[in-house]
Amino acid sequence: MTDPLPPYPVSGPQGTPEPVHRHPVLRVVLVAGAAIALGCGLLVGGAYALLYVVNPLGDEWVCAEGEAPVIATSDRARTAGCVREGTTLPEDVVWDPFGNRPMPDNCDQEGWVLVERQVVRRGVPDVEQDCAREDLVLPDGWTPAEAEDD
């Protein structure tokens, strides 16, 4: 005669039942959350890398064609920005000495150089950068920016 089958569930070595895993839903939620977070991180990182490579603002200029930038020489002057070339300017407004130029982040175009000057903003020393023609005599306080080591 054969031995009868042991009762189900099979008891462990000390005669105690095997532990039942609790909270399987919590484990699934944690794994799914981690996978979603990783996917979002990869998506955002990939989008940033694509924008860096494509550089949609790579040809961005301060003013539109036919316009030139102006700057205010006093706090009273409200006109600043870009105006049509040849326009008569108010007394407190002058043409920007750098003229129309690429934006500072896109100053790596031929014939242009990144320039900078020391400024104080809200009591904190800072460096202001701009883009100027290579052959331009720079206004007081402006110097060519030192090349960054990559």
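Here, every reference points to the structure presented above.
Reading the values: the criteria
Residues numbered from 1 in each chain as written. Predicted model: local features only at pLDDT ≥ 70, side-chain atom pairs only at ≥ 80, totals over all residues. Heavy atoms only, no water. Helix = DSSP H or I, 4+ residues; strand = E, 2+ residues; numbered from the N terminus. Contact = heavy atoms within 4.5 Å. Areas by Shrake-Rupley, 256 points an atom, 1.4 Å probe, with all protein chains shown as cover. Salt bridge = Lys/Arg side-chain N within 4 Å of Asp/Glu carboxyl O. Buried < 20%, exposed > 50% of the residue type's maximum accessible area, 1.4 Å probe, protein only. Disulfide = S-S within 2.5 Å. Pairing = 2+ DSSP bridges. Axes fitted to C-alpha atoms, helices over the stretch in contact; angles between N-to-C directions. 1 Å grid on protein atoms, 1.4 Å probe; cavity = no way out; pocket = protein on both sides within 12 Å on 5 of 7 lines; lining within 4 Å. Points joined across faces, edges and corners; volume = space filled by probe spheres on them. Nonpolar A, V, L, I, M, F, W, Y, C, P; charged D, E, K, R; others polar. Patch = residues over 30% accessible without salt bridge, like charges linked within 9 Å, V, L, I, M, F, W, Y side chains within 5 Å.

Caption draft 1: Region of the structure containing the overall build of the chain. Regarding its fold elements, the chain presents one helix and six strands. Counting from the amino terminus, helix and strand elements in the chain follow one another as α-β-β-β-β-β-β. A sequence separation of at least 24 residues applies to 40% of the contacts in the chain between residues at least 6 apart. In the form shown here, the chain has an accessible surface area of approximately 12500 Å², with 58% of it arising from carbon and sulfur atoms.

Caption draft 2: Spotlight on the pattern of salt bridges. Taken as a whole and assessed by the stated rule, the structure comprises three salt bridges. Close ionic contact of Arg117 with Glu128 constitutes a salt bridge, the shortest N to O distance being 2.8 Å. In this pair, Arg117 sits in strand E4 (residues 112–121) while Glu128 sits in strand E5 (residues 124–133), placing the two residues 11 residues apart along the sequence. The class for Glu128 is partly exposed, based on a relative accessible area of 22%. A network of salt bridges, in which partner residues are shared, links Asp96, Arg101 and Asp130.

Caption draft 3: Here's a closer look at the state of the cysteines. This model, assessed by the stated rule, comprises two disulfides. Note that Cys63 is cross-linked by a disulfide to Cys82, the S-S spacing being 1.9 Å. Note on the Cys63 and Cys82 pair: the S-S dihedral is about -85 degrees, so by sign convention the disulfide is left-handed. With Cys63 in the loop between helix H1 (24–54) and strand E1 (67–72) and Cys82 in strand E2 (residues 81–84), the pair connects residues that are 19 residues apart, well separated along the chain. Using a relative accessible area of 7% as the deciding quantity, one classes Cys63 as buried.

Caption draft 4: Molecular detail of the sheet that holds strand E3 (residues 93–95). The antiparallel open sheet is built from three strands, whose spatial order is E2-E1-E3. Here the strands that pair on one side only, and so sit at the sheet edges, are E2 and E3. Between one strand axis and the next, the sheet turns by 45 degrees as a mean value, whatever way the strands run. Bridge analysis of E1 against E2 gives four bridges, and the strand direction is antiparallel. Residue pairing for E2: Pro69 is matched across the bridge by Cys82.

Caption draft 5: Examining the layout of surface pockets more closely. The computed volume of the second largest pocket comes to approximately 170 Å³. Broken down by class, the residue content of the lining of the second largest pocket amounts to five nonpolar, no polar and six charged.

Caption draft 6: Structural detail: a nonpolar patch on the surface. Where nonpolar side chains cluster on the molecular surface, the patch consists of Tyr48, Tyr52 and Val53 and spans about 440 Å² of accessible area. Given the relative accessible area of 65%, Tyr52 is considered exposed.

Caption draft 7: The arrangement of the pairing of E1 in detail. Strand direction decides the pairing type here: E1 and E3, joined by three bridges, are antiparallel. Within the sheet, the bridge partner assigned to Ile71 lies in E3 and is Val94.

Caption draft 8: How the structure looks around the environment of Pro144. The residue Pro144 is located in strand E6 (residues 143–144) in this model. In this structure the C-alpha to C-alpha distance between Pro144 and Asp130, which are 14 residues apart in sequence, comes to 9.6 Å. Filtering out sequence-adjacent residues up to four positions away, Pro144 remains in contact with Leu114, Val115 and Leu138.

The values are spatial; any link to function lies outside them.
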